2 protein chains.
Amino acid sequence: MDIKNELAVRAESAEDVVCRFLPDVEGFQGMIFDAMVYSVTAGGKRLRPILMNETYVMFGGNTEVIEPFMAAIEMIHTYSLVHDDLPAMDNDMLRRGKPTTHVAYGEAMGVLTGDALLNYAFETALDAYDAPNADPSTITTAIRILARKAGVFGMIGGQVVDVEAEKKQMEVTEDMLHFIYELKTGALIEASMMIGAALAGASEEEIEQIESVASKIGMAFQIQDDILDVEGDEAVLGKPVGSDERNHKVTYVTFAGIDKSKQEVKRLTDEAINELNSIPYKNEFLVELLNYLVYRDN
Amino acid sequence: MDIKNELAVRAESAEDVVCRFLPDVEGFQGMIFDAMVYSVTAGGKRLRPILMNETYVMFGGNTEVIEPFMAAIEMIHTYSLVHDDLPAMDNDMLRRGKPTTHVAYGEAMGVLTGDALLNYAFETALDAYDAPNADPSTITTAIRILARKAGVFGMIGGQVVDVEAEKKQMEVTEDMLHFIYELKTGALIEASMMIGAALAGASEEEIEQIESVASKIGMAFQIQDDILDVEGDEAVLGKPVGSDERNHKVTYVTFAGIDKSKQEVKRLTDEAINELNSIPYKNEFLVELLNYLVYRDN
């Protein structure tokens, strides 16, 4: 399987889905629609909607009910980046080579665009109830997963601890770092795969198994990020390495060292793939994708 | 009926409900829970949950399924104030005599607390599915109203136009002012009353009638605000009058003058009450409350 090529095909199709659900109307508030579209279409690998759809397919899902959720998870991911880039947070001017939303539209609009995307993610997911042959109870399960994993017990919770630690120059303990990784990065990956399973009618137990798989993959993904910052190839990565050390940023490598970090990536990934393989539904591409994501070189 | 006293009793009971649904747990992200509770309990008349509950009672509702929604609407109202107070927006330091959230917790936390409250509003409303004897389909209807009226076609839409007009010093037309009033203030009042009706099992047609009532009351309420800023009694209002003129703020009075504005408040209120009375369900207190809200002197 040519994973890079297969992934590119799926990314394009996810891109189409995400764009189709963005608001496209006239009105006095037209600028917010522009800013929402600008923010969401600023690039990105669309990993979350792809993981969601592949998990949906794995459990036998085959209707368009998944599509509003693919768009919703990407809107939530995007809003978190828009707010993260604000002057009060990371104060980033560029993202993937383009001016960030608050630079392009002003700071007030940066705040409002994030708010709008978060709210619109729920509106979009709720539209799934109107899909042909929609099963309300699986949709409700999926929306509740989305809300929980995006909030204070999920992504926002991780973001809060990350921001607080930096703003107050707190000493980051290993427990705290684990918490940040699990929630800030992990929660939306868990949500993506759990929602795919839930919408395909997976049982509560299966959804929990998928949560465990996704949690391990999210953690391995994040540790690999730390490893690449130490020994990645700048030409392949497309960005300078060593930035964590220069910024005195505590990472997994700080606590475990590079060799143990690599072992941990392997351990987590092996466990995740074993757990995934123990479920009697199969999607070969998903297994390949998880391996590729974790052992990527960029 | 001693409306002020009756309202105070209901405000206290709404306060209890709202507080009961705020997160109360330990964790690394504890500061966000503090900031959420700080923001929501900073005072406020709890008008939206009261209007919601009274409309619910009017249509015969009598279970606790309404409670998570009462809390949710107040969380959304609060998040909009927290973000509105940010330096990038109105840059307000005090709200009801207390430091605003970004002053008390820092600007990054101000952004995150608003995000957290918006997200938690949906989590809270979604918990209504677990209420005893919950009817999933009315809950879904209610959540969809909440999402729509809070978003770019509701409150955020009005906020965007208001902020843009001010930041860019645009000339505000009468149409634009109407749009801002209808969405920024009106949408959440509509949501409150519509959700109350929906959860009590009102028909689609009845929910639309309530939307129309609420829309008129919201508009009358806002115009009364403009009138009070011109000729209110500072001692009764508890704040200085004439601030709109000093800030060159375009209001309804700017276009219509004070006499026509008063006529419009009366016309809208009469129509709203007539429409409300045409519905074969009754709640005498709700009628009194709407009259009181519109013709208030503070």
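Being a predicted model, the structure only gives us computed values, none of them experimental.

Peer 1: So what's going on with the packing of aromatic side chains? Residues and values would help.
Peer 2: If you walk through the whole model with that rule in mind, you get 11 aromatic pairs over all chains. Each ring, one from F33(A) and one from F153(B), has its centre 5.6 Å from the other, and the planes form 35 degrees; the classification is tilted. Note that F33(A) is positioned in helix 2 (residues 30-40) and F153(B) in the loop between helix 7 (136-150) and helix 8 (155-167), a pairing that runs across two chains. Here the aromatic rings of Y120(A) and F153(B) are separated by 6.5 Å at their centres, their planes lie at 55 degrees, and the arrangement is tilted. Of this pair, Y120(A) sits in helix 6 (residues 107-126) while F153(B) is found in the loop between helix 7 and helix 8, placing the two residues in two different chains. When its relative accessible area of 24% is taken as the criterion, F153(B) is described as partly exposed. Each member of the aromatic cluster is reached from another via a ring pair, and the members are F33(A), Y120(A) and F153(B). Positioned above the aromatic ring of F285(B), the side-chain terminus of R10(B) is 3.6 Å from the ring centre. Across the ring face of Y38(B), the terminal group of K98(B) is positioned such that the distance to the ring centre comes to 4.4 Å.

Peer 1: How would you sum up the side chain of D244(B)? Please name residues and give values.
Peer 2: All names here are of chain B. Locating D244 in the fold gives a position in helix 12 (residues 243-246). The side chain of D244 is buried and forms no salt bridge, while K249, the nearest opposite charge, is found at 5.9 Å. Setting aside anything within four residues of it in sequence, one finds D244 in contact with D226, D229, K249 and T251.

Peer 1: An account of the side chain of H77(B) is requested, with residue identities and associated values reported.
Peer 2: Residue and element names in this part refer to chain B. Summarising the element assignment, H77 is placed in helix 4 (residues 66-84). Polar contacts involving the side chain of H77 include one to the side chain of R48, which spans 3.4 Å. For H77, the residues in contact, after removing those within four places along its chain, are R48 and L188.

Peer 1: Please provide a residue-by-residue account of unusual backbone geometry, values included.
Peer 2: With a phi close to 50 degrees, H248(A) is a non-glycine residue in the positive phi region. Here H248(A) shows up in the loop between helix 12 (243-246) and helix 13 (252-277). Phi at R46(B) is positive, roughly 60 degrees, even though this residue is not glycine. With respect to the helices and strands, the residue R46(B) is situated in the loop between helix 2 (30-40) and helix 3 (47-58). Among the residues examined, R46(B) registers a relative accessible area of 2% and is labelled buried.

Peer 1: Give me the interface of chain A and chain B: which residues, what numbers.
Peer 2: Facing 51 residues of chain A, the contacting portion of chain B comprises 51 residues. Counting the surface lost from both chain A and chain B, the interface buries some 4300 Å², and carbon and sulfur atoms represent 74% of this. In this assembly, chain A and chain B are joined by 6 salt bridges. Note that R144(B) and D127(A) form a salt bridge whose closest N and O atoms lie 3.0 Å from each other. Put simply, chain A and chain B have 11 residue pairs in polar contact (both at pLDDT 80 or more) between them. For the side of chain A that touches chain B, the elements supplying multiple residues, two or more each, are helix 2, helix 4 (66-84), helix 6, helix 7 (136-150), helix 8 (155-167) and helix 9 (174-199) of chain A. No other element matches helix 6 of chain A, which puts 13 residues into the side of chain A that touches chain B. Residue classes in the side of chain A that touches chain B are distributed as 33 nonpolar, 7 polar and 11 charged.

Peer 1: Now, about the packing of helix 4 of chain A against helix 8 of chain A: what can you tell me, with residues and values included?
Peer 2: All names here are of chain A. Direction vectors running N to C along helix 4 and helix 8 enclose 20 degrees, while the axes themselves pass 12 Å from each other. The pairing of helix 4 with helix 8 is recorded here as roughly parallel in orientation. The crossing of helix 4 and helix 8 is right-handed. Across the interface between the two elements, I76, Y79, S80 and D84 of helix 4 pack against M155, I156 and Q159 of helix 8. A breakdown of the residues in the contact of helix 4 with helix 8 according to their chemical character gives 4 nonpolar, 2 polar and 1 charged.

Peer 1: Go over the nonpolar core, please, and point to the residues and values.
Peer 2: F69(A) and F69(B) are the most contacted members of the largest nonpolar core, which totals 201 residues. Ignoring anything within four residues of it in the chain, the contact list for F69(A) reads M52(A), A125(A), A128(A), I139(A), A142(A), I143(A), I195(A) and L199(A).

Peer 1: Lay out the relation of the copies chain A and chain B with the relevant residues and their values.
Peer 2: Mapping chain A onto chain B calls for a screw motion: a turn of 180 degrees about the axis and a shift of 0.0 Å along it, with 0.0 Å RMSD after fitting. Both copies of the chain, as the preceding transformation shows, are related through a two-fold rotation axis. Minimal C-alpha separation from the rotation axis in chain A is found for D115(A), amounting to 3.5 Å. Residue by residue, 100% of the interface of chain A is reproduced at the interface of chain B, so both copies engage with the same surface.

Peer 1: Help me get a handle on the environment of R48(B), residues and values and all.
Peer 2: Residues and elements named next belong to chain B. Counting through the fold element by element, R48 comes out in helix 3. Take R48: its relative accessible area is 16%, and that puts it in the buried class. Note: C-alpha distance between R48 and G110 (62 residues apart in sequence) is 23 Å. The residues contacting R48, other than those within four sequence positions of it, are I73, E74, H77, L188 and S192.

Peer 1: Could you give an account of the confidence of the model for chain A, with specific residues and numbers?
Peer 2: A residue-level look at chain A finds 100% of positions with pLDDT of 70 or above and a mean pLDDT of 94. Of the two predicted TM-score estimates for the complex, the pTM is 0.97 and the ipTM is 0.96.

Conventions used here
- Residues numbered from 1 in each chain as written.
- Chains lettered and ligands numbered in written order.
- Predicted model: local features only at pLDDT ≥ 70, side-chain atom pairs only at ≥ 80, totals over all residues.
- Heavy atoms only, no water.
- Phe/Tyr/Trp six-rings, centres within 6.5 Å; stacked < 30°, edge-to-face > 60°.
- Helix = DSSP H or I, 4+ residues; strand = E, 2+ residues; numbered from the N terminus.
- Buried < 20%, exposed > 50% of the residue type's maximum accessible area, 1.4 Å probe, protein only.
- Lys NZ or Arg CZ within 6 Å of the ring centre and 35° of its normal.
- Lys, Arg positive; Asp, Glu negative; His and termini not counted.
- Salt bridge = Lys/Arg side-chain N within 4 Å of Asp/Glu carboxyl O.
- Contact = heavy atoms within 4.5 Å.
- Polar contact = N/O pair within 3.5 Å; in protein donor to acceptor, adjacent residues only side chain to side chain.
- Buried area = accessible area lost by both parts, 1.4 Å probe.
- Nonpolar A, V, L, I, M, F, W, Y, C, P; charged D, E, K, R; others polar.
- Axes fitted to C-alpha atoms, helices over the stretch in contact; angles between N-to-C directions.
- Parallel < 35°, antiparallel > 145°, perpendicular 65-115°, else oblique.
- Left-handed = near helix turned anticlockwise from the far one by under 90°.
- Core = buried A, V, L, I, M, F, W, Y, C linked by side-chain atoms within 4.5 Å.
- Least-squares fit on C-alpha atoms with pLDDT ≥ 70 in both.
- pLDDT = per-residue confidence, 0-100.

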